[in-house]
Amino acid sequence: MKSFELARPSSVAEARTMLAERPGAIFKAGGIDVLDHLKEHLLEPPRLVDLKSLPGLREIAPQPDGSLKIGPLATLAEVAAHPGLRQTHRALAQACAEAASPQIRNVATIGGNLLQRPRCWYYRQESYKCLKKGGDVCYAVGGENRYHGIFGGGPSYAVHPSNAAVPLVAFGAQLVLEGEKGPRTVAIGDFFVPPTKDPERENQIQPGEVLTEIRVPAATGWRSVYDDARERAAFDWPLVSAATAVRLEAGVVKEARIVLGAVGPVPWRSARAEQALVGKALDAAAAEAAASAATVGAAPLSENGYKVGLLKTLVRRTLLALAS
Amino acid sequence: MTQEASPKPPAPTVTYVVKAGHASAPQTLEVHAALGDIKPWDLDSKLRVVKGRQPRLEGPLKVTGRAKYTFDVSLPGMLWGRMVRASVPAAEIVKIDTSKAEKLPGVKAVWTTEARAVRFAGQDVAAVAAVSPEVAEDAARLVEVTYDERPFVTDLQKAMEEGAPAVYNADQIPGKPTTPVKGNVVGPIVPRRGGQRGDVAKGMAEAEVTLEGTYYVPVHTHAPLETHGVIAKWDGDQLTIWASTQSIGTVREGMAEYLGIDRKNVTVITEHMGGGFGSKLAASAEGTNFAGVACKLARQAGAPVKLMLDRREEHLCTGNAPAALMTVRLGAKKDGTLTAIHHRSFGTAGVAGGAGTGGPSGNLYANTPNCLVEEHDVFTNAGPAAPLRAPGHSQGAFALESAMDELAEKLGMDPLELRKKNESSPVRKIQYDLGAKAIGWERRNKTAGGTAGPRKRGIGMANGNWYVFARGSGVFAEVKVHRDGSVELFQGSQDIGSGFRTAMAMIVAEELGLRPEDVTVRVGDTRWPEGVGSGGSNTTNSVGPAVRLAAHDARGRIFALAAPLLGAKPEDLDAAGGKIFVAASPSKQVAFRQAALKMPDEVISAVAERKKQYETYRQDLAGTQFAEVEVDVETGNVRVVKVVSVNDCGFPINMLTTESQIIGAMIQGVSWALFENRILDRNVGTMVNPNLEAYKILSSKDMFEAVPIVTEIANAGNNTSAAGIGEPPIVPTLAAIANAVYNATGGRIRSLPLTPDRVLAHLASARRG
């Protein structure tokens, strides 16, 4: 990697100043994703502005109304182990608990998890000048695409890598971003940017903006669950993940959220699958119908057709887990 | 009596009668050892230390981080080397411009290749040495290489097609093959060992049931935790190399030849080694001359150079296990008796040869009257293969032992019974029942895929074979007993992590009546008595006998000092627990240290050379494995629950590290069966997963219950009765897992790895019929 200087701000404002005064400088939180970029020369910043020790950005604070305020510097391990959160927003705790390895979960932050770049093996190697790096091809098309997307239609087929984003979309989280004009709040469903809009980014955070808070609405009356399919049992990325949440009244689904991970360029909410559930008793037939609905629109590449069956299984299994 | 043209006088021998084989079926055997060799340990030997369970002597150093691996060596004034590698799979190099790199402050030396043809992405092109790893990397990135790119082929089957891009012109093919060459395909090659017997066509005609299957195993990379690397340091004309190698002798000889200097001027040191699995047997590595380059950079810069490869390089150019496409044909009578085995394989060792996989087919079921093995090497524009833990045998056993399972199904026979019916090894006959009991063979599904629900359990088994390889001369050991009673062993072989130094300490301790920790073992230095390269599972059984001879000599000399103290004759003495005593009345004893004090000089130095290898109980090493898996047929996830590995290694010198080797081989085999797969982009020809994130190795959560079982076999043709264990336990694993998956699901997957995409596709096509 290139040499760089490490700047250690003591406030968000100072962090933004330190970033602005060195063109090309970038923020760093846990550093997991940043380090990979530096080692592979995908980024060669002259300065890293280290957010890790900023005060007040690491708490997980359940609110009286049942909602959560999560500091973006909370580690995945902390989110996974938080006793209150595990009760109220189970899918989020599960997603964080399943990510990577214990060593990484102890360092990686939930904010970094949301903002990390895709793990596509073409994007991650300097030698492939792909769409995501300003090139003009997606090497996955006609190439080695077993881990790539089946939704979204390109032009880049890298899948969104965040485990945590999948349940956060299901819970309708809000992200607070602090920039030049002060803080703004963005619904997570609007936060992610598809490659049709801009293949070189996955979200709408602006240069110099800092993610300062993740607000997760109360999930009173909801049940939620996260599950994924993967090759290795640990230290691996999901092939497909699913966060499923339902609000039942007298055994009948009043509301549902079905969000899929590792199938598209952004966390993939399946409104069709949700609609298939509403008004139904949560039973095997309803789960099957929702699972089938979730596959509508899937357009696999040459090597990733198996993901269609996997997502169907995961939607069905997570719903049946909520029913019991 | 007619004399041969150049008669050799027979070397004088001494005849020993040994109780050989397994304790459950001992056999009296007469062996003819070289004169001066001692009677081998056999079933009647009362061993006090050897065959025990001794924690490795260097364990505390390793777990506290004090053990110095090559990677840890740091010298004053040391520079850091960095290679520049070809970024394209096939090209002519037009120009290598190092001017920008040379101008970078801190750069002290630059090397460029003289070769012009690039045949795989990752080939050596240039190198730099600089004052820090960061400067070296920056400098390497400033080297500009202009390529005239050529058509390439990286896929095994595409390389076999007519009109495929030629990896080599006809006159450039390495190894000057004596077999036919057509395009990129060399062969058929009929291996010397078990390649052909009888007439396969006749055997197939005599069969009542036949089976043909085609099987595929992808490229597996060795991926040792410590990458390849050296530190090269010149003092005048003296060159010292710290190397992460399995063969310090090969590094010495290879570097002397490459640099045009005398071997006596080269010292190679490997104190601890972080894994090799066969990839570290060359002077540098199969696809890179990094060690030679480091020596040249060091000479040019006038400073020591450290050149450790990174993880990407380790995947690209340091060797791998060949991919292989194998067709096995079997013929059998209705009772299961095999009439023919035909193994035809096309393997690719990338730009190298040596992709044969027929070992198991040619040597298992040796009673089968008709057998033919035909191997083909297919060149591709990919990094060259290197030996990997029983080269070619895991792939070959995957094909043969999957086919045997399929044949059993066709015959309506229990797959274990089919193996027993055709077994030629008395050792494996013993192993079958041990393994079957440990796994609970009777629990397997009578109908494959017969259990209800999406998560299906299954049990399978497979055999593996290997051979006794041992050096019979040119290996030396020195045991030093100091007057203060302290003991050292000097031996030039390297401990590659297998527990070699501990096993040697145990042999010395056995002879001298000491504890293994009383013996300081100094290994891994070419200045010490000549050792062996650690390949072919031959280190313990090549070196141990020389160590035992040296220790036995020292024992005799110490007994001669002790005898007058005890009023006995030296031949009436024995030694154990740090005491020397009269065998017939053990209370008459003297401490080892007291006896040593009587030596006339300051030290006793006993040096011995390995004597010739002689008749063995068996020349092959038998092994069989049983596996239990759980397959989620809706997610395609295969979880290995348990593996039982039953092995013959002759006498295990240290049972603890022997079992460690077996467990390690099971893990590597399961990882290969389930996950590992080098993937080259089909359009660009470069590796998409040259890291340990996307090149997947079994994780801690994928670990299974690993049960090692050792069937101790006396007499492996040397005075310790040790044979080898490093390689054989990986041979059956791939097939045992695949056969268990079949038993679980009813889906026969003939292509590895067993990842969800492949498993789901096979199950879906099986459902379609």
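Residues numbered from 1 in each chain as written. Chains lettered and ligands numbered in written order. Predicted model: local features only at pLDDT ≥ 70, side-chain atom pairs only at ≥ 80, totals over all residues.

Participant: Any chance you could explain the overall build of chain A here in plain terms?
Facilitator: Helix and strand counts for chain A stand at twelve helices and twelve strands. In terms of overall size, chain A behaves like a compact globule, its C-alpha atoms giving a radius of gyration of 19 Å where 324 residues would be expected to give roughly 20 Å. If you line up chain A on its principal axes, its C-alpha atoms span 60 × 50 × 35 Å. Relative to its 324 residues, chain A shows a buried fraction of 52%. Contacts in chain A between residues at least 24 apart in sequence constitute 63% of all its contacts with a sequence separation of at least 6. (Helix = DSSP H or I, 4+ residues; strand = E, 2+ residues; numbered from the N terminus. Rg over C-alpha atoms; globule rule 2.2 N^0.38 Å. Buried ≥ 20, exposed ≤ 12 C-beta atoms within 10 Å, placed from the backbone. Contact = placed C-beta atoms within 7 Å.)

Participant: Sorry if this is basic, but what is going on with the overall build of chain B here?
Facilitator: The secondary structure content of chain B amounts to 18 helices and 30 strands. Taken over the C-alpha trace, chain B has a radius of gyration of 28 Å; the compact-globule value for 769 residues is 27 Å, and the two agree within 12%. Taking the principal axes of the C-alpha coordinates as reference, chain B spans close to 85 × 75 × 65 Å. Evaluated residue by residue, chain B yields a buried proportion of 59% over its 769 residues. The long-range fraction of contacts in chain B, counting pairs at least 24 apart against all pairs at least 6 apart in sequence, stands at 79%.

Participant: Honestly, the sheet that holds strand β6 (residues 117–118) of chain B in this entry has me stumped. Any pointers?
Facilitator: Strands belonging to one sheet form pairs held by backbone hydrogen bonds; the direction of such a pair is parallel or antiparallel. Residue and element names in this part refer to chain B. Spatially, β6-β4-β8 is the arrangement adopted by the three strands of the open sheet, whose pairing is antiparallel. Of all the strands in the sheet, just β6 and β8 (144–149) have a single pairing partner and so form its edges. Pairing between strand β4 (residues 91–97) and β8: six bridges, direction antiparallel. Within β8, the position partnered with Ala91 by the bridge is Glu149. (Pairing = 2+ DSSP bridges.)

Participant: What exactly am I supposed to notice about the interface of chain A and chain B here?
Facilitator: Often the size quoted for an interface is simply the accessible area lost on bringing the parts together. Counting residues at the interface gives 21 residues for chain A, matched by 25 residues for chain B. Among the elements that line the side of chain A that touches chain B, the one with the most residues is helix α12 (residues 306–323) of chain A, at four residues. Taken together, the residues that form the side of chain A that touches chain B break down as ten nonpolar, six polar and five charged. (Nonpolar A, V, L, I, M, F, W, Y, C, P; charged D, E, K, R; others polar.)

Participant: How should the environment of Glu178 of chain A be read in this particular structure?
Facilitator: Residues and elements named next belong to chain A. Within the secondary structure layout, Glu178 lies in strand β6 (residues 174–179). A tally of 18 C-beta atoms within 10 Å means that Glu178 is categorised as partly exposed. With 28 residues separating them along the chain, Glu178 and Gln206 place their C-alpha atoms 9.5 Å apart. Those residues within four positions of Glu178 in sequence are excluded, and the remaining contacts are Val12, Pro183, Glu209, Val210 and Thr212.

Participant: What is the right way to look at the environment of Thr13 of chain B in this model?
Facilitator: Residues and elements named next belong to chain B. Mapped onto the elements of the fold, Thr13 is located in strand β1 (residues 13–20). A sequence separation of 167 residues divides Thr13 from Pro180, and the C-alpha atoms of the two residues are 44 Å apart. Each residue touching Thr13, except ones within four places of it in the same chain, is listed here: His32, Ala33, Ala34 and Leu35.

Participant: What am I meant to see in the packing of helix α16 (residues 655–674) of chain B against helix α17 (residues 733–745) of chain B here?
Facilitator: Residues and elements named next belong to chain B. Two elements in contact, α16 and α17, have axes separated by 8 Å at closest approach and are oriented at 55°. What the angle tells us is that α16 and α17 run oblique. In the packing of α16 onto α17, the handedness of the crossing is right-handed. Taken together, the residues of α17 that come into contact with α16 (itself represented by Met666, Gly669, Val670, Trp672 and Ala673) are Thr733, Leu734, Ile737 and Ala738. Looking at the contact of α16 with α17, its residues break down into seven nonpolar, two polar and no charged. (Axes fitted to C-alpha atoms, helices over the stretch in contact; angles between N-to-C directions. Parallel < 35°, antiparallel > 145°, perpendicular 65-115°, else oblique. Left-handed = near helix turned anticlockwise from the far one by under 90°.)

Participant: Explanation requested: the pairing of β4 of chain B in the structure shown.
Facilitator: Remember that side chains alternate between the two faces of the sheet whenever the strand is regular. In terms of strand pairing, β4 of chain B meets β6 of chain B through two bridges, oriented antiparallel. Within β6 of chain B, the residue paired with Ala91 of chain B across the bridge is Val118 of chain B.

Participant: How should I be thinking about the packing of α12 of chain A against helix α18 (residues 756–768) of chain B in this particular structure?
Facilitator: Relative orientation and spacing of two packed helices are given, respectively, by the angle between their axes and the distance between those axes. Two numbers describe how α12 of chain A lies on α18 of chain B: the axes approach to 9 Å, and their chain directions differ by 90°. For the element pair α12 of chain A / α18 of chain B, the angle class is roughly perpendicular. Contacts between α12 of chain A and α18 of chain B pair Tyr306, Gly309 and Leu310 of chain A from the former with Pro756, Asp757, Leu760 and Ala761 of chain B from the latter. The residue makeup of the contact of α12 of chain A with α18 of chain B, split by class, is five nonpolar, one polar and one charged.

Participant: I tried to follow the nonpolar core on my own but got confused; where do I start?
Facilitator: One broad trend across soluble globular proteins is that nonpolar side chains are buried collectively. Among the nonpolar cores identified, the biggest contains 333 residues, and Ala290 of chain A together with Ile241, Ala294, Val508, Ile737 and Val741 of chain B are the most heavily contacted of them. The greatest single-element share of this core, amounting to eleven residues, is contributed by helix α14 (residues 539–566) of chain B. The residues touching Ala290 of chain A, leaving out its near neighbours within four places in the chain, are Ile258, Ala273, Ala276, Leu277, Val315 and Leu319 of chain A. (Core = buried A, V, L, I, M, F, W, Y, C linked by C-beta atoms within 7 Å.)

Participant: Please explain the pairing of strand β22 (residues 487–491) of chain B as it appears in this structure.
Facilitator: Residue and element names in this part refer to chain B. Counting buried positions over the five residues of β22 gives four, a clear majority of the element. Of the pairings in the sheet, the one linking strand β21 (residues 476–482) to β22 comprises four bridges and is antiparallel in character. Opposite Glu478, over in β22, you have Phe490 as the bridge partner. Hairpin connection, β21 to β22: the antiparallel pair is bridged by four residues, and Gly485 has positive phi, about 90°. As for the winding sense of the linkage, the β-α-β connection from β22 through helix α13 (residues 500–512) to strand β23 (residues 519–523) is right-handed. (Right-handed = clockwise from strand over helix to strand, strands pointing away.)

Participant: Looking at this model, I keep getting lost on the sheet that holds strand β29 (residues 637–648) of chain B. Mind explaining?
Facilitator: Residue and element names in this part refer to chain B. Strand order in the open sheet formed by four strands is β20-β28-β29-β30, and the pairing between neighbours is mixed. In this open sheet, the two edge strands, each paired with only one partner strand, are β20 (455–467) and β30 (705–711). Taken over all neighbouring pairs, the strand axes of this sheet differ in orientation by 15° on average, direction set aside. Two elements, β29 and β30, share seven bridges in a ladder whose sense is parallel. Along β30, the bridge assignment pairs Val644 with Val707.

Participant: What exactly am I supposed to notice about the environment of Phe559 of chain B here?
Facilitator: All names here are of chain B. Along the polypeptide, Phe559 turns up in helix α14. Linking Phe559 and Pro570, residues eleven residues apart in sequence, is a C-alpha distance of 5.2 Å. If we ignore the near neighbours within four places in the chain, the residues touching Phe559 are Pro570, Leu573 and Ile580.

Participant: Where do I start with the confidence of the model for chain B in this structure?
Facilitator: Close inspection of predicted coordinates is inappropriate for parts of the model with low pLDDT. Put simply, chain B has an average pLDDT of 96, and 99% of its residues get 70 or more. In the predicted assembly, ipTM is 0.97 and pTM is 0.97. (pLDDT = per-residue confidence, 0-100.)

Participant: What is the right way to read unusual backbone geometry from this model?
Facilitator: Peptide bonds are, in most cases, trans, and in most cases residues other than glycine have a negative phi. Geometrically, the link from Gly154 of chain A to Pro155 of chain A is a cis peptide bond, its omega value of 5° lying close to zero. Along the chain, Pro155 of chain A falls in the loop between α7 (110–115) and α8 (165–170). Residue Pro753 of chain B is reached from Leu752 of chain B by a cis peptide bond, and omega for that bond is 0°. Relative to the helices and strands, Pro753 of chain B resides in the loop between α17 and α18. The residue Phe235 of chain A is not glycine, and still its phi comes out positive at about 55°. Considering the arrangement of structural elements, one finds Phe235 of chain A in the loop between β9 (222–229) and β10 (240–249). Phe235 of chain A gets classed as buried once you count the C-beta atoms within 10 Å, which come to 21. The phi dihedral of Ser537 of chain B is positive, around 55°, even though this residue is not glycine. Mapped onto the elements of the fold, Ser537 of chain B is located in the loop between β23 and α14.

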